[in-house]
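# Per-entry structural report
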Amino acid sequence: MSEDALFPLTLIQPDTHDAGPRVIAPGAVHVPGWLSLEQQRWIVQRFGEWTHGPVPLRAATLPGGHRMSVRTLCLGWHWQPYRYTREATDVNGRPVLEFPEWMVRLGRKAVADAYLPGPEGNEALPELAGNYTPDAALVNFYDRGATMGMHQDKDERSNAPVVSLSIGETCLFRFGNTQTRTKPYTDVELRSGDLFVFGGASRFSYHGIPKVLPGTCPEGCGLSHGRINITMRVTGLS
Ligand code: MD6
Ligand code: FE
């Protein structure tokens with residue numbers, strides 16, 4: 001038997017981070033290395049364009065007056081704590097950028113890749129993949145020291161999955177439960193190019209970003225520092 005047959009590439013990956021989809025909880029799937037470096041760079045270029053759009057990257061202010069450390073821009077619908085609007089009424093009143101067609105296709109592929117049946121006890125939720133049509137994206141930029149507290153994504157009137165893409169510095173993603181913002185939770189490292197989908201029984205789980213690891217941008221991802229996270233959602237609004 002040839003060496004290639006004995007040691008197929010997928011089994012000799014030295015880094016378990018590249019081992020394919022991992023089910024973190026029912027409906028919550030981490031797909032390491034889902035975007036190529038070329039795709040990451042292309043998305044970083046789009047990010048640069050969006051920051052010159054009608055609504056600047058801004059740190060949202062929470063109802064108690066606390067300002068988030070993450071800066072956000074939006075596509076499709078403008079998110080403000082805690083609702084979606086068509087105009088950025090908490091920033092400058094301008095209408096939000098359109099949700100790009102390429103991102104609908106990317107979101108559909110993400111849900112399919114995360115949920116289609118696999119050998120690892122992956123939940124098969126194919127009906128979610130075919131007609132997944134996200135209409136809003138939050139694009140977060142994490143500069144030095146930025147974090148995100150434990151929260152649920154529940155401003156949408158839909159239980160369709162949320163698709164999350166990470167580019168730039170590695171972060172610690174804390175994935176919890178639907179009942180409390182505390183334990184039990186699972187800490188997952190999200191690296192540049194990783195996909196995380198949460199839907200099904202995990203759609204309303206608490207989650208947060210306790211830290212970003214400075215200096216971990218891979219060569220060629222398009223960012224020299226910081227972290228971009230894009231979450232696509234179905235708002236259920238019209
Ligand atoms: C982040 N993400 O990854 C923050 N929400 O920077 C989120 O809050 C998030 O990654 C819902 C689904 C996936 C996520
Ligand atoms: Fe979230």
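One can find the structure itself at the top, above this paragraph.
The following paragraphs examine the structure supplied in this document. (Residues numbered from 1 in each chain as written. Chains lettered and ligands numbered in written order. Predicted model: local features only at pLDDT ≥ 70, side-chain atom pairs only at ≥ 80, totals over all residues. Heavy atoms only, no water.)

### A look at the overall build of the protein chain
The following threshold applies: Secondary structure follows DSSP: runs of H or I at least 4 residues long count as helices, runs of E at least 2 residues long count as strands, and numbering of each begins at the N terminus. Classification of residues uses two cut-offs on accessible area relative to the type maximum, computed with a 1.4 Å probe and protein chains only: under 20% is buried, over 50% is exposed, and between them is partly exposed. Note on areas: these come from Shrake-Rupley sampling with a 1.4 Å probe, and a residue is covered only by the protein chains present in the view.
Within the protein chain, the regular secondary structure consists of 5 helices and 13 strands. Each of the 238 residues in the protein chain was classed as buried or not, and the buried ones make up 49%. With an accessible surface of roughly 11800 Å², the protein chain has 53% of that area assigned to carbon and sulfur atoms.

### So, the nonpolar core
As a reminder of what qualifies: Each nonpolar core is a collection of buried residues, namely Ala, Val, Leu, Ile, Met, Phe, Trp, Tyr and Cys, held together in the definition by side-chain atoms within 4.5 Å.
Core analysis: the biggest nonpolar cluster contains 39 residues, and Trp50, Met103, Ile228, Ile230 and Met232 have the highest contact counts within it. Breaking this core down by element, the ones donating at least two residues are β2 (28-31), α3 (37-51), β3 (71-75), α4 (101-115), β6 (136-142), β8 (162-168), β11 (195-198) and β13 (227-233). Broken down by element, the residue count for this core peaks at 9 residues, all from α4. Among the nonpolar cores identified, the runner-up in size contains 26 residues, and Ala60, Ala136, Tyr142 and Phe198 belong to it.

### Looking at unusual backbone geometry
For residues that are not glycine, phi is negative in most cases, and the peptide bond is trans in most cases. Cis geometry marks the peptide bond from Pro81 to Tyr82; its omega dihedral reads 0 degrees. Structurally, Tyr82 is set in the loop between β4 (78-80) and β5 (83-85). Cis geometry is found at the peptide bond from Lys183 to Pro184, where omega equals 0 degrees.

### Comments concerning the coordination of the iron ion (ligand 2)
Note the threshold: Donor criterion used throughout: N, O or S atom within 2.8 Å of the metal, extended to 3.2 Å for Na, K and Ca. Water excluded; incomplete-looking sites may result.
The coordination sphere of the iron ion (ligand 2) contains the protein donors His151 (NE2), Asp153 (OD) and His207 (NE2), at a distance range of 2.1 to 2.3 Å. Each donor residue of the iron ion (ligand 2) lies on one chain, and together they are spaced H-x1-D-x53-H.

### Topic: the site of ligand 1
Short version of the rule: The nearness test applies per residue and asks whether one of its heavy atoms lies within 4 Å of the molecule or strand. We define a polar contact as two N or O atoms separated by no more than 3.5 Å, with the added condition that, inside protein, one atom must be a possible hydrogen donor and the other a possible acceptor, whereas residues neighbouring each other in sequence contribute only through side-chain atom pairs.
Neighbouring residues of ligand 1: 13 residues in total, closest Tyr142, Asp153, Phe198, His207 and Arg227. A distance of 2.4 Å separates an oxygen atom of ligand 1 from a polar atom in the side chain of Tyr142. With respect to ligand 1, the side chain of Arg227 contributes an N or O atom lying 2.6 Å from an oxygen atom. The protein chains hide 98% of the 340 Å² of surface that ligand 1 would expose on its own.

### Here we look at the sheet that holds β2
Picture the strands of a sheet paired through backbone hydrogen bonds; they go either parallel or antiparallel. Our working definition: Whether two strands pair depends on DSSP finding at least two bridges between them. Axis lines are fitted to C-alpha atoms, over the contacting stretch for helices. Their N-to-C directions set the angle, which ranges from 0 to 180 degrees.
Pairing is antiparallel across the open sheet formed by 7 strands, whose spatial order is β1-β2-β11-β8-β13-β6-β3. Only two strands of the sheet have a single neighbouring strand rather than two, namely β1 (22-25) and β3. Adjacent strand axes in the sheet meet at a mean angle of 20 degrees, parallel and antiparallel pairs treated alike. Pairing between β1 and β2: 3 bridges, direction antiparallel. Within β2, the position partnered with Arg22 by the bridge is His30.

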